[in-house]
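# Structural features, examined
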Amino acid sequence: MVSTLDVADLERRVKEVYRAVAERPHERYHFEVGRGLAQRLGYPPDLLSHVPAEALESFAGVGYCLDLARPVPGERVLDLGSGSGTDVFAAAHLVGPTGRVIGVDMSEEQLAKARRLRTAANVQFLAGHIEDPPVPPGTIDLILSNGVINLSADKAAVFRAAAAVLVAGGRLAICDIVAQHPLAEHIVCDASLWAACVGGAAQVDEYRALIEDAGLRIVAERDNPGYAFRSGSARAATVTYGIKSTSFLAVKPR
Ligand SMILES: C[S@@+](CC[C@H](N)C(=O)[O-])C[C@H]1O[C@@H](n2cnc3c(N)ncnc32)[C@H](O)[C@@H]1O
């Protein structure tokens, strides 16, 4: 748990940023959003055709990890920090009508948008925190999370919760922002840089250790060079600290 950051203030700012991304996706943010970003990150156009256009315009992920995740028909999927639902809608297509996809997010406006666009009965968007998702233990085959865990002040809790909800043999496939070098205190304590997906970037060795300490085993890792921040302050921090987008695939041992 980060003790030098005002966690309540951080949550308020994160909610403010992502309310705006849900309601005004065409404004300029520290980071890129939308279809062009998704395509550059590697989402196949055919898969994107199964995502409602309005969900896609608020896409704010940092990579494409459905190819690592490989959802198969019938699987139960949980997306931590589902935003307007791009990965949920894409995963719902891949798991088909016998599967089930749940998105969890703490932003009312992101949830409202995703729920409005939902048409399939096997898709659900739930209000909640990724540190304690409202899902029973041992009920999920695959967890996705795209550009979210960096925003949490308690990443250890997120990975513990992920391990708890997965079935034995279940997978965690995530894209997130990490740093090669530990961030300076003044960056970590800057809630607006944190909300912009920079300030909460964990050092990558620590990030791997958090995943493995939760009882998950990392089986694949790759960088997402297609992801770049937009604003000057965010870009400056990425150069100084080696901040980058990386995908991880981890499994819960049987
Ligand atoms: C960068 S956006 C990514 C959204 C989505 N994954 C996508 O790819 O478009 C981050 C999302 O995570 C949500 N979020 C951030 N921290 C959260 C937390 N601790 N619990 C639940 N949701 C959180 C935000 O509300 C926002 O919708």
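Higher on the page you've got the structure.
Residues numbered from 1 in each chain as written. Predicted model: local features only at pLDDT ≥ 70, side-chain atom pairs only at ≥ 80, totals over all residues.

Gly61, Gly81, Gly83, Met106 and Ser107 are the nearest of the 22 residues found near the ligand. Going through the elements one at a time, helix 1 (7-23) and helix 6 (86-95) are the ones with two or more residues in the shell around the ligand. Looking at the shell around the ligand residue by residue, the class counts come to eight nonpolar, 11 polar and three charged. (Near = placed C-beta within 6 Å. Helix = DSSP H or I, 4+ residues; strand = E, 2+ residues; numbered from the N terminus. Nonpolar A, V, L, I, M, F, W, Y, C, P; charged D, E, K, R; others polar.)

A few words now on the packing of helix 8 (residues 155-165) against helix 11 (residues 204-213). Direction vectors running N to C along helix 8 and helix 11 enclose 35°, while the axes themselves pass 8 Å from each other. When the axes of helix 8 and helix 11 are compared, the crossing they make is right-handed. Where helix 8 abuts helix 11, its residues Lys155, Ala156 and Phe159 lie against Leu210, Ile211 and Asp213. Looking at the contact of helix 8 with helix 11, its residues break down into four nonpolar, no polar and two charged. (Axes fitted to C-alpha atoms, helices over the stretch in contact; angles between N-to-C directions. Left-handed = near helix turned anticlockwise from the far one by under 90°. Contact = placed C-beta atoms within 7 Å.)

What you tend to see is this: most non-glycine residues have negative phi, and most peptide bonds are trans. Its identity as a non-glycine residue notwithstanding, arginine 70 has a phi of 45°, on the positive side. Tracing the backbone shows arginine 70 in the loop between helix 5 (66-69) and strand 1 (76-80).

In this section: the pairing of strand 8 (residues 243-251). As defined by bridge partners, strand 5 (residues 166-179) adjoins strand 8 across nine bridges and the pair is classed as antiparallel. Paired with cysteine 175 across the bridge in strand 8 is serine 247. The sheet contact formed by strand 7 (residues 217-223) and strand 8 spans six bridges and is antiparallel. Within strand 8, the position partnered with glutamate 221 by the bridge is phenylalanine 248. (Pairing = 2+ DSSP bridges.)

This part takes up the pairing of strand 2 (residues 100-105). Summarising burial for strand 2: six of the six residues are buried, a large majority. The alternating pattern of strand 2 places Arg100, Ile102 and Val104 and Val101, Gly103 and Asp105 on opposite faces, both of which are buried. Two elements, strand 1 and strand 2, share five bridges in a ladder whose sense is parallel. Each bridged residue has a counterpart across the sheet, and for arginine 76 the counterpart in strand 2 is arginine 100. A crossover connection joins strand 1 to the parallel strand 2 through helix 6; in handedness this β-α-β unit is right-handed. Pairing of strand 2 with strand 3 (residues 123-127), which is carried by five bridges, proceeds in the parallel orientation. Note that in strand 3 the partner of valine 101 across the bridge is valine 123. Of the crossover connections in this fold, the one passing from strand 2 over helix 7 (residues 108-117) to the parallel strand 3 is right-handed. (Buried ≥ 20, exposed ≤ 12 C-beta atoms within 10 Å, placed from the backbone. Right-handed = clockwise from strand over helix to strand, strands pointing away.)

Those residues of helix 11 that fall on the buried side of the exposure criterion are Val204, Tyr207 and Ile211. For helix 11, the buried positions fall inside an angular range of 55° around the axis, keeping them on one side. Tucked into the core, helix 11 has its buried residues touching helix 8, strand 5, strand 6 (202-203), strand 7 and strand 8. Where helix 11 ends, the next residue or the one after it, glycine 215, has phi of about 100°, a positive value. (Arc of directions from axis to C-beta.)

Here we take up helix 6. Among the 10 residues in helix 6, eight count as buried, and that is most of the element. Listed in full, the buried residues belonging to helix 6 are Thr86, Asp87, Val88, Phe89, Ala90, Ala91, Ala92 and Val95. In the stretch just after helix 6, glycine 96 is the one whose phi turns positive, near 70°.

Interaxial distance between helix 1 and helix 7 falls to 7 Å at its minimum, and their mutual angle equals 30°. When the axes of helix 1 and helix 7 are compared, the pair comes out roughly parallel. Each of Tyr18, Arg19, Ala22 and Glu23 in helix 1 lies in contact with helix 7, whose residues at this interface are Glu109, Gln110 and Lys113. Grouping the constituent residues of the contact of helix 1 with helix 7 by class yields two nonpolar, one polar and four charged. (Parallel < 35°, antiparallel > 145°, perpendicular 65-115°, else oblique.)

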